[in-house]
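# Coordinate analysis (summary)
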Amino acid sequence: MAVTTGEREQVVPAELGRKKRRFRPRLIPHVPIAILVIVVAVAILAPLLAPHDPARGTLVDSLLPPAWDADGTIEYPLGTDANGRDVLSRLIYGTRISAIVVVFGVILTGLIGTAVGLLAGYFGGVWDAILMRLVDTILSIPPVLLALAIIGALGASLQNVLLVIVITAWVGYARIIRAEALRLRNADHVLLARVGGCGWFRILRVHIFPNVVNTLVVYATLTIATVVIYEASLSFLGLGVRPPDASWGGMISEGRGHMNTAWWLTVIPGIALLLLCVSANLLGDWLRDRLDPRLRNVGGS
Amino acid sequence: MGQFLIVRAAQSVVTILLVTVIIFAVTRISGDPAELLIPGEVPTERLDEYRAQWGLDDPIVVQYFRFLGNAATGDLGESFRFDQPVSELLLNRLPATLKLAAAAMAITIVVAIPLGVVAAIYRGTPIDTIAQTLALVGQGVPAFWLGLILVLIFSVNLGWFPAAGDSGLTSLILPAISLSAFAVAVVTRLTRSSMLDVLDSEYIKLARAKGLSEAAVIFKHALRNASIPIITVLGLQLGLLLSGSVVVETIFNWPGIGRLAVDAIFAADYTVVQGVVLFGAIAFVLINLGVDLLYAVLDPRIRY
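Everything numeric here is computed off the predicted structure, so don't read it as measured data.

Reading the values: the criteria
- Residues numbered from 1 in each chain as written.
- Chains lettered and ligands numbered in written order.
- Predicted model: local features only at pLDDT ≥ 70, side-chain atom pairs only at ≥ 80, totals over all residues.
- Heavy atoms only, no water.
- Helix = DSSP H or I, 4+ residues; strand = E, 2+ residues; numbered from the N terminus.
- Buried < 20%, exposed > 50% of the residue type's maximum accessible area, 1.4 Å probe, protein only.
- Contact = heavy atoms within 4.5 Å.
- Areas by Shrake-Rupley, 256 points an atom, 1.4 Å probe, with all protein chains shown as cover.
- Buried area = accessible area lost by both parts, 1.4 Å probe.
- Salt bridge = Lys/Arg side-chain N within 4 Å of Asp/Glu carboxyl O.
- Polar contact = N/O pair within 3.5 Å; in protein donor to acceptor, adjacent residues only side chain to side chain.
- Nonpolar A, V, L, I, M, F, W, Y, C, P; charged D, E, K, R; others polar.
- Core = buried A, V, L, I, M, F, W, Y, C linked by side-chain atoms within 4.5 Å.
- Phe/Tyr/Trp six-rings, centres within 6.5 Å; stacked < 30°, edge-to-face > 60°.
- Patch = residues over 30% accessible without salt bridge, like charges linked within 9 Å, V, L, I, M, F, W, Y side chains within 5 Å.
- Lys, Arg positive; Asp, Glu negative; His and termini not counted.
- Charge placed at Lys NZ, Arg CZ, Asp CG, Glu CD.

As a further point, take the overall build of chain A. Within chain A, the secondary structure is distributed over 11 helices and 0 strands. Going from the N terminus to the C terminus, chain A shows its helices and strands as α-α-α-α-α-α-α-α-α-α-α. A buried classification covers 52% of the 301 residues belonging to chain A. A separation of at least 24 residues holds for 69% of the contacts in chain A among residues at least 6 apart in sequence. Surface exposure of chain A reaches about 14,100 Å², of which carbon and sulfur atoms provide 66%.

Encoded structure:
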């Protein structure tokens, strides 16, 4: 991998002096990948890493500033909130929510959307028409509005946010993968396989799926920021993760009331969100340029 | 053109009908719609009375068509909290949302298109890097957080703009910037890439070879040809701005329909939520229809 990308890099920036470029350390994709790996590791290891209980604080220690401030202490490196809870520990546990959202909103929906897209595109016909009408309908309801309708009816919880994400996010995959399957269904190698007596499942698995993997990976990476921001926005509005559970959006919402005196409560979780989303988009853009330039106008989030 | 218009309009009607089915279905997934639509603890007789009044004991298909018929005539039910028809509430709150969306769209056009054009012309220079970095941050920053940071800097610390409410032009600036950040990012990137495609084409080389001034090449030849995808994306962003206003209106205490809906959820005033969602989804479908038609008018190559 490193070898091939190293070779590519010398060809791409034509008008920038090649020699100059060669000695520059490449920040992309290494920095975004490192950040994403750290987020995943922190999410998994949260109980080991968090110095304090994220849900319990001592009121004596409430609203302490971060350690670098004159009034801060090293015991709470990123300060404490109004209930005296450690911001760093809540931030660490908050990564778990974002990680769960990515697992459901990107991986699970990716599997559903890919399966639907492959079947619809390959077989065509009535089911294709019905499924694509459904896809168009779901795409035509802005996800925030659908979230209001569903959460208004079922109540605020992480499960309901995940439900809304799954309902709205699979359609994007289905539409893109269907277009690919439709294009590939009459490709020479597929026709040959069919003549050779290959069954539909094997054709989809062996002859079509490997050709859509690049598109799939690029699109999935570019949707990470969308679903993470979506959950954070809903939790911020009080329609997602319920207190006292720590989520980045919820932390920002709680910090809002103390913005005049305790800036760190709103700023720090927001920076975490920004870092995660920008990293995912940078990686997505990089993958798209490498793997699937045709998706150029899909755009991150 | 006529046929394309008819086909596309018919598709939109089907989509709107399916949207109403979904929204109707959502009110039924929680179980008893009467309990959802009448907030709070109410005696069983009141629920029975309500069911009889609104025909909630009828077959589900009959209920759906009644819902559809009412909605088509502008009857979206009554708000329990305000004791007022939902359609009236919507109309009262709509101008604020439109004002905010229009301001955000204006910022997007004024900032993103010049930024994208300049980035494309000066490709690979620091100007391009700055434009691309701005776009990257704009795409990754949650609107609600950007709004709070703007308030922290410009209201709390500098005192330049009010932190909340709708009190004239100064109060519009911060919410409009927060709402437009994502659209600015998307449109800047698209403008840059469309311009790069066009600048690379043969007719631009010809225009240059003819000895036209650089300004004429950029504005008359390049930007005009790059504008079709840009206009399309601007239209699509308009729909997203309307739904994005749900979050921004809540932060800035802006009296629009987004905040109306969020407040209604917390007040368990579900008829209002349903009305806003239905209205927003239909507006979104119609905007997208408009974008498609505009696209067909602008680009003579598109014919169905």
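Our next topic: the side chain of Ser98(A). Positionally, Ser98(A) belongs in helix H4 (residues 87-123). We classify Ser98(A) as buried; its relative accessible area is 3%.

Between chain A and chain B, the residue contacts involve 49 residues of the former and 46 residues of the latter. Summing the contributions of chain A and of chain B, the shared interface buries around 4,100 Å²; its carbon and sulfur component is 76%. The partner of Asp285(A) in a salt bridge is Arg189(B), with the nearest N and O atoms 2.8 Å apart. Summed over the shared surface of chain A and chain B, the number is 5 residue pairs in polar contact (both at pLDDT 80 or more). Broken down by secondary-structure element, the contributors of at least two residues to the side of chain A that touches chain B are helix H5 (125-139), helix H6 (143-154), helix H9 (200-237), helix H10 (248-256) and helix H11 (264-291) of chain A. Looking at which element gives the most residues to the side of chain A that touches chain B, the answer is H11(A), with 12 residues. Across the side of chain A that touches chain B, the residue classes tally to 28 nonpolar, 14 polar and 7 charged.

With that settled, the discussion passes to the pattern of salt bridges. Any two side chains of opposite charge can pair, so long as their charged atoms come close to each other. Residues and elements named next belong to chain A. If you walk through the whole model with that rule in mind, you get 15 salt bridges over all chains. Across the pair Glu180 and Arg183 runs a salt bridge whose closest N-O atoms are separated by 3.0 Å. One end of the pair is Glu180 and the other is Arg183, both in helix H7 (residues 158-184) and 3 residues apart, which spans about a single turn. Take Arg183: its relative accessible area is 46%, and that puts it in the partly exposed class. Through salt bridges that share partners, Asp81, Arg85, Arg90 and Glu254 make up one connected network.

Residues other than glycine predominantly adopt negative phi, and peptide bonds predominantly adopt the trans conformation. Residue Pro29(A) is bonded to the preceding Ile28(A) through a cis peptide linkage, with omega at 10°. Among the secondary structure elements, Pro29(A) is positioned in the loop between helix H2 (18-23) and helix H3 (30-49). Note that the residue after Pro243(A), namely Pro244(A), is joined by a cis bond; omega there is 10°. With respect to the helices and strands, the residue Pro244(A) is situated in the loop between H9 and H10. At Leu63(A), a position not held by glycine, the phi torsion is positive, near 55°. Looking at the secondary structure, you find Leu63(A) in the loop between H3 and H4. Here Leu63(A) falls in the partly exposed class, since its relative accessible area comes to 29%. Unlike most non-glycine residues, Ala268(B) shows phi in positive territory, near 55°. Following the sequence through the fold, Ala268(B) ends up in the loop between helix H11 (257-266) and helix H12 (270-298). Relative accessible area serves as the criterion here: at 34%, Ala268(B) is assigned to the partly exposed category.

This paragraph deals with the nonpolar core. What tends to happen in soluble globular proteins is that the nonpolar side chains get buried as a cluster. Counting residues in hydrophobic clusters, the biggest one holds 161 residues, and the most contacted among them are Leu148(A), Ile151(A), Ile208(A), Phe144(B), Trp145(B), Met195(B) and Tyr270(B). When residues in this core are grouped by element, the largest group, 19 residues, is from H9(A). Those residues within four positions of Tyr270(B) in sequence are excluded, and the remaining contacts are Ala149(A), Gly152(A), Ala153(A), Val26(B), Thr27(B), Leu36(B) and Leu37(B). Counting 8 residues, the second-largest nonpolar core is a separate cluster that includes Met132(A), Val135(A), Ile138(A) and Val171(A).

In this section: the packing of aromatic side chains. By the definition in use, this model includes 11 aromatic pairs over all chains. Judged by centre distance (5.5 Å) and plane angle (70°), the ring pair of Phe123(A) and Trp200(A) falls under edge-to-face. One end of the pair, Phe123(A), is in helix H4; the other, Trp200(A), is in helix H9, with 77 residues separating them in the sequence. On the basis of relative accessibility, which here comes to 44%, the residue Phe123(A) falls in the partly exposed class. Using a relative accessible area of 45% as the deciding quantity, one classes Trp200(A) as partly exposed. Seen in terms of ring centroids, Phe154(B) and Trp160(B) are 5.7 Å apart; in terms of plane orientation they differ by 40°. Their pairing is tilted.

All right, on to a negative patch on the surface then. Taken together, the side chains of Asp75(B), Glu78(B), Asp83(B) and Glu88(B) make up a negatively charged region of the molecular surface. As for its placement among the helices and strands, Glu88(B) is situated in helix H5 (residues 86-121).

All names here are of chain B. Summarising the element assignment, Thr271 is placed in helix H12. Among the residues examined, Thr271 registers a relative accessible area of 7% and is labelled buried. The spatial distance from the C-alpha of Thr271 to the C-alpha of Asn288 is 26 Å, given a sequence separation of 17 residues. Residues in contact with Thr271, not counting those within four places in the same chain, are Leu37, Leu76, Gly77, Glu78, Phe80 and Val86. Looking at Thr271, its side chain comes within polar contact range of the main-chain oxygen of Glu78, at 3.1 Å.

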